[in-house]
Amino acid sequence: MMRLIRPFAVALVGVGMALTLSAGTAVAAKGPFTFQSGGRPFYVEDVPDGKCFTMSQPATAPHNGTGSVAIVFAGKKCTGKATRIAPGKQAPKGLRFASVRFGR
């Protein structure tokens with residue numbers, strides 16, 4: 001009986017690894033990223049990882065509700081001082097930023 005279970009268990013582990021690897025290649029930061037700009041609240045959802053987004057005017061109060069790390073930058077086009085915001089976290093109070101990128 002052990003001989004029949006072992007190949008089945010190995011096959012299940014292989015399928016599980018394949019599903020895990022394919023799920024890890026997602027290209028979107030799922031969930032909302034909220035911020036304020038010009039005194040008004042804004043949000044974006046399900047944005048692609050690795051792409052830089054430049055704000056039309058300086059933004060404040062970023063909250064990362066996505067499943068990816070958000071990196072906010074002081075300058076436009078993801079330049080200047082960078083601050084990492086973990087998934088589900090709020091940036092330090094008073095932080096101003098001009099652009100954001102999601103992912104590692």
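Residues numbered from 1 in each chain as written. Predicted model: local features only at pLDDT ≥ 70, side-chain atom pairs only at ≥ 80, totals over all residues. Heavy atoms only, no water.

### Brief notes about the confidence of the model for the protein chain
Okay, so step 1: A residue-level look at the protein chain finds 73% of positions with pLDDT of 70 or above and a mean pLDDT of 80.
Okay, so step 2: Within the model, the stretch residues 1-26 combines pLDDT values under 50 with one contact to residues more than four positions away or in other chains. (pLDDT = per-residue confidence, 0-100. Contact = heavy atoms within 4.5 Å.)

### Section: the side chain of T83
Okay, so step 1: With respect to the helices and strands, T83 occurs in strand β5 (residues 79-85).
Okay, so step 2: Not counting chain neighbours up to four residues away, the residues in contact with T83 comprise A70, I71, V72, P92 and L95. (Helix = DSSP H or I, 4+ residues; strand = E, 2+ residues; numbered from the N terminus.)

### Comments concerning unusual backbone geometry
Okay, so step 1: The backbone of K77 sits at a positive phi, close to 60°, despite the residue not being glycine.
Okay, so step 2: Looking at where K77 falls in the secondary structure, it is placed in the loop between β4 (70-75) and β5.
Okay, so step 3: Positive phi values are uncommon outside glycine, yet C78 reaches one of about 55°.
Okay, so step 4: Structurally, the position occupied by C78 is in the loop between β4 and β5.
Okay, so step 5: Judged by its relative accessible area of 14%, C78 is buried. (Buried < 20%, exposed > 50% of the residue type's maximum accessible area, 1.4 Å probe, protein only.)

### Details of the sheet that holds strand β1 (residues 28-37)
Okay, so step 1: Taking strand neighbours across the sheet as the criterion, the six strands line up as β2-β1-β3-β6-β4-β5 in an open arrangement whose pairing is antiparallel. Looking along the sheet, the strands with just one partner apiece sit at the ends: β2 (40-48) and β5. If you compare each strand with its neighbour and ignore which way they point, the axes differ by 50° on average.
Okay, so step 2: Relative to strand β3 (residues 52-64), β1 is paired through four bridges, and the arrangement is antiparallel. Note on β3: the bridge partner recorded for F33 is N64. (Pairing = 2+ DSSP bridges. Axes fitted to C-alpha atoms, helices over the stretch in contact; angles between N-to-C directions.)

### Things to note about the packing of aromatic side chains
Okay, so step 1: Applying the stated criterion to the full structure yields five aromatic pairs.
Okay, so step 2: Each ring, one from F33 and one from F102, has its centre 5.2 Å from the other, and the planes form 85°; the classification is edge-to-face. Taken as a pair, F33 in strand β1 and F102 in strand β6 (residues 96-102) lie far apart in primary sequence, 69 residues in all.
Okay, so step 3: The exposure class of F102 is buried, given its relative accessible area of 2%.
Okay, so step 4: Between F35 and F97, the ring centres sit 6.0 Å apart and the planes meet at 75°, which makes this aromatic pair edge-to-face. Placement of F35 in strand β1 and of F97 in strand β6 is noted, with a sequence separation of 62 residues between them.
Okay, so step 5: Here F35 falls in the buried class, since its relative accessible area comes to 10%.
Okay, so step 6: In this structure F97 comes out as buried when scored by relative accessible area, which is 2%. (Phe/Tyr/Trp six-rings, centres within 6.5 Å; stacked < 30°, edge-to-face > 60°.)

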